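Architecture at a glance
Listed below are the residues making up each chain.
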Amino acid sequence: MNPNRRNLLTASILSGLAGVAPVVVAATSAPASKSKQLAPTPPMGWNSWNSFATTITEAQSLENARIMADKLLPSGYDVFTVDIQWYEPNADSYEYRKDAELTMDGHGRLLPAPNRFPSAANGGGFKALADQVHKLGMKFGIHVMRGIPRQAVRLNTPVLGTQYRARDIANTASVCTWNPDMYGVDMGKPGAQAYYDSIFALYASWGVDFVKMDDMSRPYTANWPEIEAAQKAIRKTGRPITLSLSPGETDLKWALHVPHHAQMWRISDDFWDEWKLLSEQFQRLENWNPYMGANAWPDADMLPLGRLALGKRDTKFTPDEQQTLMTLWSIARSPLIMGGDLRHLDERTLALLTNPEVLAVNQRSTANRPHHADAGTRIWSAQPAGKANVYYLALFNTGDTAADIVFDLSRLNLGGRQVAGRDLWARRDLGAIDGSVRQKLPPHGSVLLQLTA
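Computed from a prediction, not measured in an experiment: that's the story for all the values here.

Taken as a whole, this structure holds 21 aromatic pairs when the rule is applied. Between the aromatic rings of Trp86 and Trp206, the centroid separation amounts to 6.1 Å while the plane-to-plane angle is 80°, which identifies the pairing as edge-to-face. Note that Trp86 is positioned in the loop between β2 (79-82) and α5 (127-135) and Trp206 in helix α8 (residues 192-206), a separation of 120 residues in sequence. The class for Trp206 is buried, based on a relative accessible area of 3%. For the pair Phe271 and Trp329, a centre-to-centre distance of 5.2 Å together with 45° between the ring planes defines the contact as tilted. One end of the pair, Phe271, is in the loop between β9 (264-266) and α10 (275-288); the other, Trp329, is in helix α11 (residues 319-331), and 58 residues separate them in sequence. Residue classification places Phe271 among the buried positions, given a relative accessible area of 2%. Through pairs of rings, three or more aromatic residues link up here, namely Trp86, Tyr87, Phe117, Phe126, Phe140, Phe200, Tyr203 and Trp206.

Have a look at this one:
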């Protein structure tokens, strides 16, 4: 986020936060120095949810991690994340079993289920798996839910290092609407911060580098104390752990709070391979664009490409829609987290994920912004850092029929000068372009150009 932009917006946005402004004002001081370099560019990696749901095992994790290290790590994809319910021994689908017995230690902290993660036996946690991922040259991430396990509250487990117990800190009125595992934590209660400190200390001891923390933003207005508690606990560990908040969508009135407590945050509910969901992300990314920057990445969610849904199908996105997805995520600088089963990674999907000229837009561009466009059309531009005479231009046809898009180059401060064009997806020079870019695009299609004056 541009610091000057942040300062200019602070007064107007905070004035709308009735009842919580004093806390938010305190929270919008400079982010902790330890977190400044956690995510200088949009994180890139792989997550198990789109392909394995709640079911991934240690063996499947290692299979995917090895392929990721071979095929994707050279292009910058370096965060390997085990998603939800690694602590549920009998998880078997995209649904959650109510009152399932969870694997947990004596202090109410969830542990990997040893029947699924054998190296976690005898309290080993994710240490051995994280070590394997680290040896491959990658970072290790896990998914966690907000709060404390309902099972811990039922058993009234002690909070590590305190005289308090689970029932002393649980907010049993704060429940996730879609997952039955947890209660919220009442951060006004003694022992509440100690509980969060204890779970993040455990994750740090395993070697966790990335935490996707779920049930955080619905509503953000109620859950911000636990968001702050998580970041405070991370800082206390001394380990550089990137915090990703999920799910969306975070209200824009919190746009000056969330970047100080997380390095990325979801801007929508779960994103899947449906054109309607993709078309809706355009407006969300435009809305969040002013707050995007180093260490603060609005997250349009994972890339549902390749083999998905417990191996039952491949992505429903057409080839044109897949290119549009990657073009939008790149020009808007959303994190790039692959969701498909890498054991079935095909050459076309690999090429889509690893095009170096497109990834450069995602990782190293600046001045990213949307432009006014006609109905059924979206337009974004950006620039390579430090190059005043070079622009990236992304044109999108969001309509259901083919469309001719014309973009006057004077809108990019290039005047009427002739420019040299390059198609970044085709990795092919287009020759001279005079005055305007004219592009015919198929339904749901896109083009990503580099224009050099």
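Looking now at the domain arrangement of the chain. Here the chain is partitioned into domain 1 (44-354) and domain 2 (371-452). A C-alpha centroid distance of 35 Å is found between domain 1 and domain 2. Taking both partners together, domain 1 and domain 2 bury about 1500 Å²; carbon and sulfur atoms supply 66% of that area. At the junction of domain 1 and domain 2, the tally comes to one salt bridge. Here domain 1 is connected to domain 2 by eight residue pairs in polar contact (both at pLDDT 80 or more). Residue assignment for the side of domain 1 that touches domain 2 shows that the elements contributing at least two residues are α10 and α11.

Another point: the sheet that holds strand β7 (residues 210-214). Read from one edge of the open sheet, eight strands run β10-β9-β8-β7-β3-β2-β1-β13, paired in parallel fashion. Bordering the open sheet on either side are β10 (297-299) and β13 (336-338), each of which pairs with just one other strand. Across this sheet, the average inter-strand angle for adjacent strands is 25°, counted without regard to direction. Taken together, the five bridges between strand β3 (residues 139-145) and β7 define a ladder with parallel strand orientation. Of the residues in β7, the one forming a bridge with Val144 is Met213.

Attention shifts here to the pattern of salt bridges. Counted by the stated rule, this structure contains 22 salt bridges. Within the structure, one salt-bridge network assembled from shared partners comprises Glu357, Arg422, Arg427 and Asp429.

Let us now look at the sheet that holds strand β5 (residues 170-175). Strand order in the open sheet made by the three strands is β4-β6-β5, with antiparallel pairing throughout. The sheet is open, and its two edges are formed by β4 (148-149) and β5, each paired on a single side. Relative to strand β6 (residues 182-185), β5 runs antiparallel, the two sharing three bridges. Residue pairing in the sheet places Asn171 in a bridge with Gly184 of β6.

About the thresholds
- Residues numbered from 1 in each chain as written.
- Predicted model: local features only at pLDDT ≥ 70, side-chain atom pairs only at ≥ 80, totals over all residues.
- Heavy atoms only, no water.
- Phe/Tyr/Trp six-rings, centres within 6.5 Å; stacked < 30°, edge-to-face > 60°.
- Helix = DSSP H or I, 4+ residues; strand = E, 2+ residues; numbered from the N terminus.
- Buried < 20%, exposed > 50% of the residue type's maximum accessible area, 1.4 Å probe, protein only.
- Domains from an automatic or database assignment.
- Buried area = accessible area lost by both parts, 1.4 Å probe.
- Salt bridge = Lys/Arg side-chain N within 4 Å of Asp/Glu carboxyl O.
- Polar contact = N/O pair within 3.5 Å; in protein donor to acceptor, adjacent residues only side chain to side chain.
- Pairing = 2+ DSSP bridges.
- Axes fitted to C-alpha atoms, helices over the stretch in contact; angles between N-to-C directions.

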